[in-house]
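# Tertiary structure, described
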Amino acid sequence: MKKVLIIEKIHNSGIELLKKRQDFTYEIVENLEVNFLKNKLKDCDAVSLRVFKLDKELIESAEKLKIISRHGVGYDNVDLKTTKEKNITLAITAKANAVSVAEHVFFMMLSISRGVGMYDKCVRDGNFSKRNDLQLTKELWNKNILIAGFGRIGKNLIKKCKGFDMNVFVYDPYVDEETITRFGGKKINDFSKNVRDMDYLSFHLPSTDETKNLINLKVLSSMKKSAILINTSRGTVINELDLNEALNKNMILGAGLDVFAKEPPDSNNPLLKNKKVFLSPHTSTFTEECTERMGVDTIQNIIDFFDGKLDKSMIVKL
Ligand SMILES: NC(=O)c1ccc[n+]([C@@H]2O[C@H](COP(=O)([O-])OP(=O)(O)OC[C@H]3O[C@@H](n4cnc5c(N)ncnc54)[C@H](O)[C@@H]3O)[C@@H](O)[C@H]2O)c1
């Protein structure tokens, strides 16, 4: 009998998969207190993990653990060194969330560019007849967008951008030009040089030493005053204080942020008060459809692993 520990609740469709199997038991835990979790981890064979941080100490306490199955694609909340040392498989729900994140990028780009808050407020405040006094908004049509990071999400996003007739540039040193051209994008090699021509920038990179503070004051000062940044990847990609300063000094027009360097962000993070920023609480994947897909896939990955047929694309190379 394999025991699956589900840390933080997932969609019921995932649980249903376990109920159908006689050879699995499961427990869902919402209490994230370390000693409580250590006790629960002791005898489990698999963990389904949302955003909770599974550190070295917790992984080491899970003596029988064979697989950590992320509910999502990022894995910066897992201690990779210990996972590798203990020969534990790390799986992600690789096919579940690209479409949802890419739609969220459009939700943010359109909301900022087409003045969603301003128009809504205008009508509610009874100012309909003063609409000619409002600031004019911007179309996405024929604008330059730079997609930084051309993996699962970047590749989904480009299709939507092409549908809006945008000119798409791609920065990803690890993806060849032929692939980018095939998707209808133009590969750029020098990020800081090309950034000055962009109307939109959207980040789809992992959090690494290389991507940390990719957006800083120097880069921001070289951008168009009308440029809009969207970050649905990881907060560390953008230096938040520099972004706040750049917005206040009108170096760029606005930003849409789903992710933050620290989550939840501190209440004194100046971006929370900055009216030029459109915010969401790391909810790019919080659609009904995507939540169900991730809930199903995080459990299916565990079942497939023990059945010896886990799809390679779901496994993170450690
Ligand atoms: N906001 C959310 O809810 C949410 C949901 C899903 C994914 N994410 C995050 O979005 C990011 C992208 O996810 P994905 O599924 O597309 O990942 P992916 O692994 O498929 O793609 C990442 C891409 O980034 C590229 N890359 C790596 N280092 C780079 C660098 N220094 N410069 C440029 N490109 C670089 C890689 O070559 C790869 O093509 C991840 O950070 C993930 O954690 C966030």
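Let me begin by describing the structure that accompanies this report.

### Concerning the nonpolar core
Ile 145, Leu 146, Ile 147, Met 198 and Leu 201 are the most contacted members of the largest nonpolar core, which has 49 residues in total. A total of eight residues in this core trace back to one element, the largest contributor, which is helix H5 (residues 98–113). Not counting chain neighbours up to four residues away, the residues in contact with Leu 201 comprise Leu 146, Ala 148, Val 195, Ala 227, Leu 229 and Ile 230. Counting residues in each nonpolar core, the second largest holds 32 residues, with Val 4, Leu 41, Ile 68 and Ala 94 among its members.

### Remarks on the sheet that holds strand S2 (residues 24–29)
Here five strands make up an open sheet; going across it, the order is S2-S1-S3-S4-S5 and the pairing parallel. Strand pairing shows two members of the sheet lacking a second neighbour, S2 and strand S5 (89–91), which therefore form its edges. Neighbour-to-neighbour, the strand axes of the sheet open up by a mean angle of 15°, direction not taken into account. In the sheet, strand S1 (residues 2–7) pairs with S2 via six bridges, with the strands oriented parallel. Each bridged residue has a counterpart across the sheet, and for Lys 2 the counterpart in S2 is Phe 24.

### What about the sheet that holds strand S11 (residues 254–257)?
Pairing in this open sheet of seven strands is parallel, and the strands run S8-S7-S6-S9-S10-S11-S12 from one edge to the other. On the outer flanks of this sheet lie strand S8 (186–187) and strand S12 (277–279), each paired with one strand and no other. Its contacts with the sheet place H5 against strand S9 (200–203), strand S10 (228–231), S11 and S12, and it is angled at close to 150° to S10.

### Re the site of the ligand
Taken together, the neighbourhood of the ligand is formed by 31 residues, with Gly 74, Gly 149, Gly 151, Ile 153 and Tyr 174 sitting nearest. Ranked by residues supplied to the shell around the ligand, first place goes to helix H7 (residues 152–163) with three residues. A domain split of the shell around the ligand shows at least three residues from each of domain 1 (2–96 + 288–314) and domain 2 (98–279).

Reading the values: rules and limits
- Residues numbered from 1 in each chain as written.
- Predicted model: local features only at pLDDT ≥ 70, side-chain atom pairs only at ≥ 80, totals over all residues.
- Core = buried A, V, L, I, M, F, W, Y, C linked by C-beta atoms within 7 Å.
- Buried ≥ 20, exposed ≤ 12 C-beta atoms within 10 Å, placed from the backbone.
- Helix = DSSP H or I, 4+ residues; strand = E, 2+ residues; numbered from the N terminus.
- Contact = placed C-beta atoms within 7 Å.
- Pairing = 2+ DSSP bridges.
- Axes fitted to C-alpha atoms, helices over the stretch in contact; angles between N-to-C directions.
- Near = placed C-beta within 6 Å.
- Domains from an automatic or database assignment.

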